[in-house]
Amino acid sequence: MTPRTAWEPYRPTADNPWDLRKAGHLLRRAGFGPTWAELQQAVADGPDKAVSRLLAGGPADPDFDRTSDFLASPRSLPAGTPGTQLAGWWLGRMLKTSHPLREKLTLFWHNHFATSLAKVRNARLMLGQYRLLYRHALGDFRELLRAMNTDPAMLVWLDAAESQKAKPNENYARELMELFSLGIGHYGEKDIREAARAFTGHRVKDGQATFDASQHDAGEKTVLGQTGKWAADDIVRICLDQPACPRFVVGKLYRFLVSEAEPHAPELV
């Protein structure tokens, strides 16, 4: 797959027609598999309209929304709710959603941020994180990454809710660089130690993220070559400023949406 041919717009020809096979490929990659009616609609629409429909999503279904909201209500998710119930709720949304691309990218971001009820042990916090991911799934990665700084499930998952200026916990700073934004080889241990100081003071109280300024290290820090009295959002900005960041994220999108088997050339990314 060469960059030149890969990024050329697809235009149907007699030798390369828009047909059921191509429509099925698109709908499988950008969703969870089409119905026969959806396949026929995509073929009739043509490739441009089919892609536009995927990006916009179908009309909302009030019955689906009402049922989904009820099943995810506090009454339905009491303390100690098993993970299988929440997973079943999400699988139901994947099957019935009118916006499969958004739901599939929500799944991508959930894998990207790699949290689990196994440690969070609170279905409502995990549901809150799902809603955050869904809200940002097709949006600005900068805003999503910033929002994760104060997501209660993430704060619990990576022990950031216990980090204090006298003893900064490095887990979130490390995962931010290694898994969420840069990848291995684009930061050093000193960057992690300094960044960890910027994430001190965050807490979770009654299921909500709070900030205890008395436990935040407001001193000067040097992270990835930039020095200042950095706080959490500053570290996200510094990571996003690195040339490695877009390449890392796009590489993961390529593996998820295009191919896990065929390596992508740097020129393609």
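Just so you know, the residues in each chain are numbered from 1, in the order the chain's sequence is written. Reporting of local features is limited, given that this is a predicted model, to residues whose pLDDT is at least 70; pairs of side-chain atoms are given and counted only at 80 or more, and all residues count toward the totals for whole chains, interfaces and linings. Water and hydrogen atoms play no part in the side-chain values, which are based on all heavy atoms of the structure.

1. Describing the pairing of strand 2 (residues 208–211)
Using the following cut-off: DSSP-based pairing: two strands are paired if at least 2 bridges between them are found. Elements are defined by DSSP. Helices are runs of H or I of four residues or more, strands are runs of E of two residues or more, and each kind is numbered from the N terminus.
Where strand 1 (residues 202–205) and strand 2 come together, four bridges link them in antiparallel fashion. Considered in strand 2, the bridge of Arg203 is made with Thr210. Taking the residues between adjacent antiparallel strands as the criterion, strand 1 and strand 2 are bridged by two residues, where Asp206 takes a positive phi near 55 degrees.

2. Details of unusual backbone geometry
Glycine aside, residues mostly have negative phi angles, and peptide bonds mostly take the trans form. Under the convention used in this document: Burial classification: accessible surface area is computed with a 1.4 Å probe over protein chains only, and a residue below 20% of its type maximum counts as buried, one above 50% as exposed, and the rest as partly exposed.
The backbone of Ala114 sits at a positive phi, close to 55 degrees, despite the residue not being glycine. You can see Ala114 is positioned in the loop between helix 7 (100–113) and helix 8 (117–120). The phi dihedral of Asp206 is positive, around 55 degrees, even though this residue is not glycine. Mapped onto the fold, Asp206 is located in the loop between strand 1 and strand 2. Asp206 sits in the exposed class, given a relative accessible area of 74%.

3. Here we look at the packing of helix 10 (residues 141–148) against helix 14 (residues 232–241)
Just so we agree on the cut-off: Lines fitted to C-alpha atoms define the axes, with helix axes restricted to the stretch in contact, and inter-axis angles between N-to-C directions lie between 0 and 180 degrees. In this scheme, a crossing is called left-handed if the near helix is turned counterclockwise away from the far one by less than a right angle; it is called right-handed if the turn is clockwise. Between two residues, a contact is recorded if the distance between any of their heavy atoms is within 4.5 Å.
At their nearest, the axes of helix 10 and helix 14 sit 9 Å apart, and the two run at 145 degrees to each other. Here the hand of the crossing between helix 10 and helix 14 comes out right-handed. On helix 14, the residues that touch Phe141, Arg142, Leu145 and Arg146 of helix 10 are Asp233, Val236, Arg237 and Leu240.

4. Overview of the environment of Val204
With respect to the helices and strands, Val204 occurs in strand 1. With 37 residues separating them along the chain, Val204 and Lys167 place their C-alpha atoms 18 Å apart. Discounting chain neighbours no more than four positions away, the residues touching Val204 are Pro152, Leu155, Val156, Ala161 and Thr210.

5. Quick look at the nonpolar core
Side chains of nonpolar character tend, in soluble globular proteins, to be buried together. Short version of the rule: To define a nonpolar core, start from buried Ala, Val, Leu, Ile, Met, Phe, Trp, Tyr and Cys residues and group those joined through side-chain atoms within 4.5 Å.
Trp109, Phe113, Phe141, Tyr172 and Ile235 are the most contacted members of the largest nonpolar core, which totals 67 residues. With seven residues, helix 9 (residues 123–136) is the largest single contributor of residues to this core. In contact with Phe141, other than residues within four places in its own chain, are Trp109, His112, Phe113, Phe180, Leu240, Cys245 and Val249.

6. Re the packing of aromatic side chains
Quick note on the threshold: Pairing of aromatic rings covers Phe, Tyr and Trp, the last counted by its six-membered ring, and requires centre-to-centre distances within 6.5 Å; plane angles under 30 degrees mean stacked, over 60 mean edge-to-face, and any other angle means tilted. Charge-over-ring placement is defined geometrically: NZ (Lys) or CZ (Arg) within 6 Å of the ring centre, and within 35 degrees of the ring normal.
In total, this model carries 11 aromatic pairs according to the counting rule given. Ring centres of Trp109 and Phe113 lie 6.4 Å apart, and the angle between their planes is 35 degrees; this geometry places the pair in the tilted category. With Trp109 and Phe113 both in helix 7 and four residues apart, the pair spans about one turn of that helix. Each member of the pair, Trp109 together with Phe113, is buried. Taken together, the ring pairs connect Phe108, Trp109, Phe113, Phe141, Tyr172, Phe180, Phe199 and Phe256 into an aromatic cluster. Its end group placed over the ring of Tyr134, Arg93 keeps NZ or CZ at 5.4 Å from the ring centre.

7. Considering the pattern of salt bridges
Rules: For this document, the term salt bridge refers to a Lys or Arg side-chain nitrogen within 4 Å of an Asp or Glu carboxyl oxygen.
Inspection of the entire model under this criterion finds 14 salt bridges. For the salt bridge of Asp63 with Arg66, the shortest nitrogen-to-oxygen distance reads 2.4 Å. Highlighted residues: Asp63 and Arg66, both in helix 5 (residues 62–71), separated by three residues, approximately one helical turn. Take Arg66: its relative accessible area is 53%, and that puts it in the exposed class.

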